[in-house]
Number of protein chains: 2
Amino acid sequence: MIDKLVKNIQKTNAPIVVGLDPMLNYVPEHIQKAAFAEYGETLEGAGEAIWQFNKGIVDATYDLIPAVKPQIAMYEQFGIEGLKAFKKTVDYCKEKGLVVIGDIKRGDIGSTSTAYAVGHIGKVQVGSKTYAGFDEDFITVNPYLGTDGIKPFVDVCKEENKGIFVLVKTSNPSSGEFQDRLIDGRPLYEIVGDMVDKWGSDVVGESGYSAVGAVVGATYPEMGKVLRKVMPKSFILVPGYGAQGGKAADLVHYFNEDRLGAIVNSSRGIIAAYKQDKYAQFGAENYADASRQAVVDMIEDINGALDA
Amino acid sequence: MIDKLVKNIQKTNAPIVVGLDPMLNYVPEHIQKAAFAEYGETLEGAGEAIWQFNKGIVDATYDLIPAVKPQIAMYEQFGIEGLKAFKKTVDYCKEKGLVVIGDIKRGDIGSTSTAYAVGHIGKVQVGSKTYAGFDEDFITVNPYLGTDGIKPFVDVCKEENKGIFVLVKTSNPSSGEFQDRLIDGRPLYEIVGDMVDKWGSDVVGESGYSAVGAVVGATYPEMGKVLRKVMPKSFILVPGYGAQGGKAADLVHYFNEDRLGAIVNSSRGIIAAYKQDKYAQFGAENYADASRQAVVDMIEDINGALDA
């Protein structure tokens, strides 16, 4: 799957991923109204609204982008009905040829991590049959529990040709509270980075990149530069561009010389583009066109920085 | 909700929690057969099987225990249908007066943690209405992202009178890989423990305990002893007793002088008791009676250690 991600990036010349993290207040009124007219102001109605919202954005952008990253929390907040919208979104994006990165940040001890892996990137056994519960292509995972919490995910990646991105240095303001603490003179995120490199050493694809990638926030470019060297074969999934403050010029060192090795996420900046002054002329009715323009601008911004 | 947990423990004189982590191979054949006869060997059939299995155990044990801890991964592996069984289990246990600890180990950056909090222990806004998606009483959360990943959960705890248990020192073999690393001479788990104490200082209930508790594995009793002192007002949720190797005598120091402050989890040891030689005489048909006996034995074991 890492090879498919690389191919999709090369085909689109766009090392970006669109974060499908729909807050209900991002969804234009006409979509909310239609969903509530059909299902009422219910969890089902909310699920329908965010699904229709997503579908519009995917239809308007799928030819420009290699991948999407639905954030499961934004669906899970609406319970079962929200998760149905998550599943529909995953399936639809895959039909469109996109690589789907489920931003689920799961992680537990051995057998429990296996259950998450099976449910999200593998197949579960039911009697004599097997089923894929959510069936994303990649998922994000949390490393706090150590190797025996991560290994089950890597095993399923190998069996099913899927991938993971391990949280290494997150984009939020207080990420340093634990992640930056020094251990034998090196910050924890580097120690985790060492392990990412190790966990991924056995699942390197034809592209030369590993099925085990890392999450490193755009908001900490100096750390990204170091981590690029610590994990040379890992793709870096980079949240924090745009709305959170990360700038394209800062992200150059997250990439390798081959212009690969990183994929920059934008969520709000793309999916709620129509709410920005810059794209206000599109109007809420044409929110998806605003998202398309924001994608074009983002690709130009990132590629411009890589060219410079 | 921490006060309800304390009351339930005092009423039952049982500082234990039953982990409802149903692997399909724990479910006796007669239950699987009935579920598959109705729904086929499908995800729906699997969901029905684990729900019926859980219901049997809850019916046979609810009068003896204060709380249950369903592990969401074991449901999530069956996709939407599994999560419906999770939700049914949560609702049913609450009807029975049990405190429900959703073992979900979520954690993300600010607004995303808010979405998880809202979905699991709070209420989500849909138009003019509000809904509780999963509605557990407590959930477990992962601290790797720092304060701004935890604060949204604490805020919802305050609003909704709910609680969280933060992963501090987990029970698995490789938990020490990151959690034990020394930072200024102290292991990371102690630094996280300090923060748990701080995060919880503002949400202390009438019982004197905080809505912010901690997860500390039974498999590391010396660390449990230290962490008890680091977080005097936090309840400690203790996984790893029984099947994972934790012994009652080791757990005495997880408790405070008031015989409160800790709640010991057993999952496999209770719910799959009928598979052990010790309870084999019950047979698979009477698996729930075997679970009841295993609960009685566990309570005696823990209380015996506390008396000694």
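Rules of the game
- Residues numbered from 1 in each chain as written.
- Chains lettered and ligands numbered in written order.
- Predicted model: local features only at pLDDT ≥ 70, side-chain atom pairs only at ≥ 80, totals over all residues.
- Heavy atoms only, no water.
- Helix = DSSP H or I, 4+ residues; strand = E, 2+ residues; numbered from the N terminus.
- Buried < 20%, exposed > 50% of the residue type's maximum accessible area, 1.4 Å probe, protein only.
- Contact = heavy atoms within 4.5 Å.
- Areas by Shrake-Rupley, 256 points an atom, 1.4 Å probe, with all protein chains shown as cover.
- Salt bridge = Lys/Arg side-chain N within 4 Å of Asp/Glu carboxyl O.
- Least-squares fit on C-alpha atoms with pLDDT ≥ 70 in both.
- Phe/Tyr/Trp six-rings, centres within 6.5 Å; stacked < 30°, edge-to-face > 60°.
- Lys NZ or Arg CZ within 6 Å of the ring centre and 35° of its normal.
- Polar contact = N/O pair within 3.5 Å; in protein donor to acceptor, adjacent residues only side chain to side chain.
- Core = buried A, V, L, I, M, F, W, Y, C linked by side-chain atoms within 4.5 Å.
- UniProt positions renumbered as here; feature names shortened; annotations may be inferred.
- Pairing = 2+ DSSP bridges.
- Axes fitted to C-alpha atoms, helices over the stretch in contact; angles between N-to-C directions.
- Arc of directions from axis to C-beta.
- Buried area = accessible area lost by both parts, 1.4 Å probe.
- Nonpolar A, V, L, I, M, F, W, Y, C, P; charged D, E, K, R; others polar.

Asker: Sorry, what's going on with the overall build of chain A here?
Answerer: Within chain A, the regular secondary structure consists of twelve helices and twelve strands. Viewed in the frame of its principal axes, chain A has a C-alpha envelope of about 60 × 55 × 35 Å. Across the 308 residues in chain A, those meeting the buried criterion constitute 64%. Put simply, of all contacts in chain A between residues at least 6 apart along the chain, 73% involve residues at least 24 apart. Accessible area of chain A: about 10,600 Å², with a carbon and sulfur share of 50%.

Asker: Please explain the pattern of salt bridges as it appears in this structure.
Answerer: Two side chains of opposite charge can pair, provided their charged atoms sit close to one another. With the rule as written, the count across this model stands at 44 salt bridges over all chains. Where Lys158(A) meets Asp202(A), a salt bridge forms, and the shortest distance between an N and an O atom there is 2.6 Å. One end of the pair, Lys158(A), is in helix α7 (residues 147-160); the other, Asp202(A), is in the loop between α9 (188-199) and β10 (212-216), with 44 residues separating them in the sequence. Take Lys158(A): its relative accessible area is 46%, and that puts it in the partly exposed class. For Glu76(B), the salt bridge identified is with Arg106(B), shortest N-O distance 3.0 Å.

Asker: So what exactly am I meant to see when it comes to the relation of the copies chain A and chain B here?
Answerer: Between the two copies of the chain lies a relationship made up of a rotation around an axis and a movement along it. You can overlay chain A on chain B at an RMSD of 0.0 Å; the transform is a turn of 180 degrees with a shift of 0.0 Å along its axis. Taken together, the rotation angle and the small translation identify this as a two-fold axis. Among all residues of chain A, the one whose C-alpha sits closest to the rotation axis is Ile183(A), at a distance of 2.7 Å. Most of the interface of chain A is mirrored in chain B, where 100% of its interface residues are also at the interface.

Asker: Even after reading the chapter, I still don't get the packing of aromatic side chains, so can you show me in this structure?
Answerer: For any two aromatic rings, the description comes down to two numbers: the centre-to-centre distance and the angle of the planes. In this structure the tally under the stated criterion is 16 aromatic pairs over all chains. Summarising the aromatic geometry, the rings of Phe178(A) and Trp199(B) are spaced 6.3 Å apart at their centres and angled 85 degrees between planes, so their arrangement reads as edge-to-face. Here the residue Phe178(A) occupies a position in helix α8 (residues 176-179), and Trp199(B) occupies one in helix α9 (residues 188-199), the pair thus bridging two chains. For the residue pair Phe178(A) and Trp199(B), the accessibility class agrees, reading buried in each case. Put simply, the rings of Phe53(A), Tyr274(A) and Tyr287(A) touch in pairs and so form one group of aromatic residues. The aromatic ring of Tyr220(A) is capped on one face by Lys169(A), whose charged end is 4.0 Å from the ring centroid.

Asker: Please explain the environment of Arg186(A) as it appears in this structure.
Answerer: Residue and element names in this part refer to chain A. Following the sequence through the fold, Arg186 ends up in strand β9 (residues 186-187). Taking the C-alpha atoms as reference points, Arg186 and Val58, separated by 128 residues in sequence, lie 41 Å from one another. When near neighbours in sequence (up to four residues on either side) are disregarded, Arg186 contacts Arg181, Ile191, Asp194 and Val230. Side-chain polar atoms of Arg186 contact the side chain of Asp194, separated by 2.7 Å.

Asker: Explanation requested: the nonpolar core in the structure shown.
Answerer: Note on soluble globular proteins: their nonpolar side chains tend to be buried together. In terms of nonpolar packing, the biggest core is built from 242 residues, with Ile164(A) and Ile164(B) touching the most fellow members. Residue contacts for Ile164(A): discarding those within four places in its chain leaves Ile121(A), Phe138(A), Ile139(A), Val141(A), Ile150(A), Phe153(A), Val154(A), Cys157(A), Ala211(A), Val212(A) and Gly213(A).

Asker: For this particular structure, what's the right way to read the UniProt feature "active site" (unreviewed entry) in chain A?
Answerer: UniProt records the feature "active site" (unreviewed entry) for Lys105(A) in the present numbering. Along the polypeptide, Lys105(A) turns up in strand β3 (residues 99-106). Those residues within four positions of Lys105(A) in sequence are excluded, and the remaining contacts are Gln71(A), Thr140(A), Val141(A), Asn142(A), Leu167(A), Lys105(B), Gly107(B) and Asp108(B). A polar contact of 2.9 Å, which involves the side chain of Lys105(A), links it to the side chain of Asp103(A).

Asker: Is there a simple way to explain the sheet that holds strand β7 (residues 163-169) of chain A in this structure?
Answerer: Sheet strands line up and pair through hydrogen bonds in the backbone, either parallel or antiparallel. Residue and element names in this part refer to chain A. The parallel closed barrel is built from eight strands, whose spatial order is β1-β2-β3-β6-β7-β10-β11-β12. Inspection of the sheet shows strand β2 (residues 67-68) paired to β3 by two bridges, in the parallel sense. Paired with Ala67 across the bridge in β3 is Val99. Most of the contacts of helix α1 (residues 2-12) go to β3, to which it runs at about 125 degrees, and overall it touches β2, β3, β6 (138-141), β7 and β12 (262-266).

Asker: Could you clarify how one ought to interpret helix α10 (residues 221-230) of chain B in this entry?
Answerer: Residues three or four positions apart in an α-helix share a direction because the helix packs 3.6 residues into each turn. All names here are of chain B. Regarding α10, the residues found buried are Met223, Gly224, Leu227, Arg228 and Val230. Along α10, the residues classed as buried sweep out an arc of 160 degrees about the axis, all on the same side. For α10, the exposed residues lying more than 90 degrees away from the buried face are Glu222 and Lys229. Of the surrounding elements, those touching the buried residues of α10 are β7 (163-169), β9 (186-187), α9, β10 (212-216) and β11 (236-238).

Asker: How should the interface of chain A and chain B be read in this particular structure?
Answerer: Note on interface size: it is often stated as the accessible area lost on association of the parts. The interface is formed by 69 residues belonging to chain A together with 69 residues belonging to chain B. Both faces combined, the contact of chain A with chain B buries some 5,800 Å², and carbon together with sulfur accounts for 62% of it. On the chain A side of the contact with chain B, Glu41(A), Tyr144(A) and Phe178(A) bury the most area, a combined 16% of that side's loss. At the boundary of chain A and chain B, one finds six salt bridges. Linking chain A to chain B there are 33 residue pairs in polar contact (both at pLDDT 80 or more). Per element, the largest residue contribution to the side of chain A that touches chain B is seven residues, and it comes from helix α6 (residues 110-121) of chain A. Among the residues making up the side of chain A that touches chain B, the classes are represented as 34 nonpolar, 23 polar and twelve charged.

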